[in-house]
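These are the residues of each chain, in order.
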Amino acid sequence: MPFHLSVPDAEDRARLKNVGSTPRPSFLRRGSLIQKRDHKVKAAIIRRIHILSWIKSYSTKAAISDLIAGITLGLTMIPQAIAYAALANAPSQYGLYSAFAGSFLYVIFGSIPQVSIGPTNLMSLLTLQFTMDKPVEFIVILTFLAGIMEFLMGVLKLEFLVEFISVPVTSAFTTATSLIIIASQLKGIFGITYSAKGFADYIIGLFGRLSEVKLGDSLLGLFCIIFLLSLRFLNNIPVSTNTKLGAFLKKFLWYISISRNAITVLITSFIAYYWIVDSGESVPFKLSGKVEPGIPTFQLPPFNIDYHNRTLNILEICSELGAGIVVIPLVAVLMNVAIAKSFTAGTTVDASQEMLTLGCINIIGSCFQSMPACGAFTRSAVSHASGVQTPMAGLYTGIIIVLALSLLTPYFAYIPKATLAAVLICAVIFVIDLKLVVRLWRESRRDFYSWCGCLIACLVLGVEIGLLVGVALTCFHLLSMWARPKTSVKVEELEGNQYIRITPNAGLYFPGIDYLRERTNRATAAAEFHVPVVIDCSKFTGLDFTSAKGIGNIAADVNNHKQLLILQNLEVSLQKYIDTNYDIIFCNKDSKLQEILTQEGIRNGTIPLMQHIRASIDLGYKVDPLITVDESQQVRRDSTE
């Protein structure tokens, strides 16, 4: 808003006439500072409560698009939430609690329209790893602690941490979790009940109980898998969209395809319900069981839990959850930021805002008995394909979930377990990216080995250890690049003057200085110490104390054999770190390099003095034929650009 100033007297008006040439009055400066401060506060509020940035311009067209996308997403999320709760070994309603809490809160704080916060297969599997054989209260408190960690990561702007998880490691991690989920759900497909930890235990348990396979569950599970896969590819049927009927049919097939989970659950639940009601007999397959109806009351998560005949306080609970307090929020942030970046190509993603939002959702969601939640690629793809415009779509999705909790929970008990297992298997089977593995083998064997190492570690040692192994392999890759940077060593010639050019292809820090010194000494020895050494520093972005001292040691090695060390293209701001007690020359231009090499050739006797004087006339610089060697060295030290 405009700033209005009333001037009380003529003296002040006289000062204001010369405001361009005299200092502004103190009250004007204070007013300007207050305006700037208010503007910053307002911008910060809008940036964090993101709904304020778009709600004023929210149009009817956008509202209709969001309504369609929100309803579509709600129908997709309901069966997924129930299945993901079963994967985490939690009652079905806990998945739905996560779904509505995340949907509502992301409307207020979220910045990416396509992101849909709720339970995911990855979060459910990790939750199972850290809360197996523990009361459901552990899941709720894990959600709260994960939210605290995510919020702190956002406040401290620690989004760079997820950048240490490379694409091959992320792919291996998601592939391993997909395989573990498939292995864990095979018992649901075949109607077998057993407890297991890890991929190997699931496979061993399955083969050890093949005699217990139930025919009814097996037939239903296999039918659901075939039916789900058929509906998934229904959208690929070629239909001409040149006519209205063709366009409508194409849209209809697409909608049926993305609603396949809800359709499958609805059909099988309908069969189970009428089987029991009409015949009065039990169905030949296992059902999910009773689901608590309604929305839970708002209450703080339990900070004291009864477990193994004793009451655990919050510190003991944290000890029981172990690395899950760190692993789950780290993976959740990784997934959310990755989804945000994939749907905002060409624009900047506020990763800190996504962390803060995710933290708020899990903290508040834990007060509604929520499971750990984050974004999911499958749901985001559905939102994007549905034409979502703003995060407001989450409001309609949340309403659908609340209606389901209020009205449909009595019927959720009729959902077959084999159906939920089929939904999970068909959801994760396409996450396995074998094309990337082939590409890594062809283009980057080091990344391929990182992928294999992370995958094997996840399957053998557990997903939390496997992720740490993958990060360690990535860091080892980075350390090896810093300690052994690719360095080009060539003998080059400039206007008849030979010299050794050494070009590191990366910045120089203390892990790599000894390697550079070794390469330099080997090169000068191979040249029998007859030519100067030029180190191309154009890739250097910084120097630490050790690397700066190491350059001095390289200069000492070269000077001991009466040769010269030239640092070319080193930034002026970095030159001050180099010890000037050594005979080192800094230069930037090739013309200056040629002059230095020529003078060095005269000193070594490789260039006759008269030949150099004639060349100097052409080059445009003067040479004192009576210059001494000591003076020449002093000139070299001072010849910086």
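Described in the following lines is the structure provided in the data block. Remember, it's a predicted structure, so these values are computed and weren't measured experimentally.

**Topic: the sheet that holds strand 7 (residues 533–536)**
Part 1 of the argument: Strands sit in the order 5-6-7-8-9 across an open sheet of five strands; the sheet is mixed. Either end of the sheet is taken by a strand with one partner, and the two such strands are strand 5 (487–494) and strand 9 (584–587). Each strand of the sheet is rotated relative to its neighbour by a mean of 25°, with strand direction disregarded.
Part 2 of the argument: Across four bridges, the pairing between strand 7 and strand 8 (residues 565–568) is parallel. Residue pairing in the sheet places I535 in a bridge with L567 of strand 8.
Part 3 of the argument: Strands strand 7, strand 8 and strand 9 of the sheet are contacted by helix 22 (residues 545–560), whose axis makes an angle of about 140° with strand 8.

**Some thoughts on the environment of L231**
Part 1 of the argument: When you line up the elements, L231 lands in helix 9 (residues 215–232).
Part 2 of the argument: Spatially, the C-alpha atoms of L231 and R260 are 6.0 Å apart, while their sequence positions differ by 29 residues.
Part 3 of the argument: If we ignore the near neighbours within four places in the chain, the residues touching L231 are I256, S257, R260 and I263.

**What about empty space enclosed by the protein?**
Part 1 of the argument: Enumeration according to the criterion identifies one cavity of 30 Å³ or more in this entry.
Part 2 of the argument: Its volume calculated, the largest cavity comes out at about 120 Å³.
Part 3 of the argument: Surrounding the largest cavity, 16 residues form its lining, L73, V115, S116, A393 and G394 being those nearest its centre.
Part 4 of the argument: When residues of the lining of the largest cavity are traced back to their parent elements, those giving at least two are helix 3 (60–87), helix 4 (92–109) and helix 16 (393–412).
Part 5 of the argument: Sorting elements by how many residues they give to the lining of the largest cavity places helix 4 first, with four residues.
Part 6 of the argument: Its residues assigned to classes, the lining of the largest cavity comprises 10 nonpolar, six polar and no charged.

Each value, and the rule that gives it
- Residues numbered from 1 in each chain as written.
- Predicted model: local features only at pLDDT ≥ 70, side-chain atom pairs only at ≥ 80, totals over all residues.
- Heavy atoms only, no water.
- Pairing = 2+ DSSP bridges.
- Helix = DSSP H or I, 4+ residues; strand = E, 2+ residues; numbered from the N terminus.
- Axes fitted to C-alpha atoms, helices over the stretch in contact; angles between N-to-C directions.
- Contact = heavy atoms within 4.5 Å.
- 1 Å grid on protein atoms, 1.4 Å probe; cavity = no way out; pocket = protein on both sides within 12 Å on 5 of 7 lines; lining within 4 Å.
- Points joined across faces, edges and corners; volume = space filled by probe spheres on them.
- Nonpolar A, V, L, I, M, F, W, Y, C, P; charged D, E, K, R; others polar.

All quantities given are derived from atomic positions and should not be read as evidence of function.
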